[in-house]
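Next come the chains, spelled out residue by residue.
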Amino acid sequence: MVDDTERAYQKALFLLERRDHTEAELRQKLRDREFNQDTIDCVLSRLVTYGLIDDKRFTEHFLRYYGNNYSKRILSIKLMKKGIRAELFDSVYSEMMEELGRNPEQEALEKAVAAALRKTERKGITPDALSQVEKDKIIASLFRKGYPVSKIRSELEKAVES
C-alpha cells in the first residue's frame, strides 16, 4: 500500500509535468488535496533537493517570458501572488536587466504607448493632434497597467514629437 507521503510526491510530480510551479503554489495545491503539513514539508524538501522546484529559476523563466509585456510593478504583483518574495523578485529582475543591458520595462512601455497611439489613429486622431483629454486617457490606461506616470508622460511626449 502506498503511504501518504508517496501519494503526495506522485501528485506533486504530476503537477510539475504540466508546468513549473513555485514552492508556495505546490504547497497550496497539496494542502487543497488535504495532505497534512508534515507530509507536504517532506515532499517539498525532497523536490527542492532534487532541483525539481526552484523559485529563483521560476522567477527567471517568468521574467524572460513576460518581462517585455508588463511593467515591473505588475510583474512583481503577479509573482507575489505565486508566492515569490519581493527580495527574490528584485534580485532576479536586477540580474536580468544587467544581463540584457537594457530595461525591459522601458521597452514594454514604448510598445504600450505605440499601441495606444495606433488606437487613437484608428479613431482618426493623429498623435500631434491629441487633445489633453485624449492624452490623459492614455496616461490613465497605462498607469492602470502599472507604469509610473512620469515615465508615461515622458514616453508619450517622445512618441508624439516623432
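It should be emphasised that the depicted structure is a prediction, and the values quoted were computed from it without experimental measurement.

Draft legend 1. A look at a positive patch on the surface. Taken together, the side chains of Arg118, Lys119, Arg122, Lys123, Lys137, Arg144 and Lys145 present a region of like positive charge at the surface. Elements represented by at least two residues in the positive patch include exactly α7 (104–122) and α8 (132–144). Per-element accounting of the positive patch gives the leading share, three residues, to α7. Looking at where Arg122 falls in the secondary structure, it is placed in helix α7. With a relative accessible area of 66%, Arg122 lands in the exposed category.

Draft legend 2. Molecular detail of the packing of helix α4 (residues 55–66) against helix α5 (residues 72–81). Running from amino to carboxyl end, α4 crosses α5 at an angle of 140°, the nearest separation of the two axes being 11 Å. Taken together, the axes of α4 and α5 are oblique relative to one another. The chirality of how α4 crosses α5 is right-handed. Residue-level contacts link Phe58, Thr59, Phe62, Leu63 and Tyr66 of α4 to Leu75, Lys78 and Leu79 of α5. Of the residues assigned to the contact of α4 with α5, the class counts are six nonpolar, one polar and one charged.

Draft legend 3. The arrangement of the side chain of Thr59 in detail. Its place among the elements puts Thr59 in helix α4. Excluding anything up to four places from it in sequence, Thr59 contacts Leu79, Ile84, Leu88, Phe89 and Val92.

Draft legend 4. Layout of the environment of Glu134. Take Glu134: it is sitting in helix α8. Given a relative accessible area of 15%, Glu134 falls into the buried group. Distance in space between the C-alpha atoms of Glu134 and Thr120 is 8.3 Å, their sequence separation being 14 residues.

Draft legend 5. A look at the nonpolar core. In this structure, Ile138, Leu142, Tyr147 and Leu156 are the most contacted members of the largest nonpolar core, which totals 14 residues. Going through the elements one at a time, α7, α8 and α9 (149–161) are the ones with two or more residues in this core. Element by element, the count of residues in this core is highest for α7, at six residues. Beyond its immediate chain neighbours, meaning those up to four positions away, Leu142 contacts Leu109, Ala112, Val113, Tyr147 and Ile152.

Draft legend 6. Up close: the environment of Lys81. Relative to the elements of secondary structure, Lys81 occurs in helix α5. Of the residues examined, Lys81 reaches a relative accessible area of 73% and is grouped as exposed. Sequence-wise, Lys81 and Thr126 are 45 residues apart; in three dimensions their C-alpha atoms are separated by 39 Å.

Draft legend 7. Looking closely at the pattern of salt bridges. Enumeration over the complete set of coordinates arrives at 13 salt bridges. A salt bridge links Asp20 to Arg57; its shortest N-O distance comes to 3.6 Å. With Asp20 in the loop between α1 (4–18) and α2 (23–32) and Arg57 in helix α4, this residue pair connects regions lying 37 residues apart in the sequence. Since its relative accessible area comes to 24%, Asp20 is described here as partly exposed. Among the residues examined, Arg57 registers a relative accessible area of 25% and is labelled partly exposed. With a shortest N-O distance of 3.7 Å, Arg85 and Glu87 are connected by a salt bridge. The exposure class of Glu87 is exposed, given its relative accessible area of 55%. Connected via shared salt-bridge partners are Arg19, Glu25 and Lys82.

Cut-off values and rules
- Along each chain, numbering runs from 1 in the same order as the chain's sequence is written.
- In keeping with the predicted nature of the model, local features appear solely for residues at pLDDT of at least 70, side-chain atom pairs appear and are counted solely at 80 or more, and the whole-chain, interface and lining totals rest on all residues.
- In computing side-chain values, all of the structure's heavy atoms are included and hydrogens and water are not.
- Residues enter patches when they are more than 30% accessible in relative terms and free of salt bridges; like-charged ones are connected within 9 Å and nonpolar ones (Val, Leu, Ile, Met, Phe, Trp, Tyr) within 5 Å.
- Working definition of accessibility: Shrake-Rupley area with a 1.4 Å probe, residue cover restricted to the visible protein chains.
- A side-chain nitrogen of Lys or Arg and a carboxyl oxygen of Asp or Glu constitute a salt bridge if their distance falls within 4 Å.
- Positive charges come from Lys and Arg, negative ones from Asp and Glu, while His and the chain ends are left out of the count.
- Charged side chains are reduced to one point each, which is NZ for Lys, CZ for Arg, CG for Asp and CD for Glu.
- Strands are runs of DSSP state E lasting at least 2 residues, helices are runs of H or I lasting at least 4, and numbering of each runs from the N terminus.
- Only protein chains enter the accessibility calculation, which uses a 1.4 Å probe; a residue is then buried when its area is under 20% of its type maximum, exposed when over 50%, and partly exposed in between.
- For helices, the fitted axis covers only the stretch in contact; all axes are lines through C-alpha atoms, and the angles between them, taken along N-to-C directions, range from 0 to 180 degrees.
- Roughly parallel here means an angle under 35 degrees, roughly antiparallel means over 145, roughly perpendicular means 65 to 115, and every remaining angle is called oblique.
- Handedness of a crossing is defined here by the sense of rotation of the near helix relative to the far one, left-handed for an anticlockwise turn of less than a right angle and right-handed for a clockwise turn.
- We call two residues contacting when some pair of their heavy atoms lies within 4.5 Å.
- Three classes are used, and their members are as follows: Ala, Val, Leu, Ile, Met, Phe, Trp, Tyr, Cys and Pro are nonpolar, Asp, Glu, Lys and Arg are charged, and the others, Gly among them, are polar.
- To form a nonpolar core, buried Ala, Val, Leu, Ile, Met, Phe, Trp, Tyr and Cys residues must be joined to one another through side-chain atoms within 4.5 Å.

Honestly, it's all geometry; don't read function into it.
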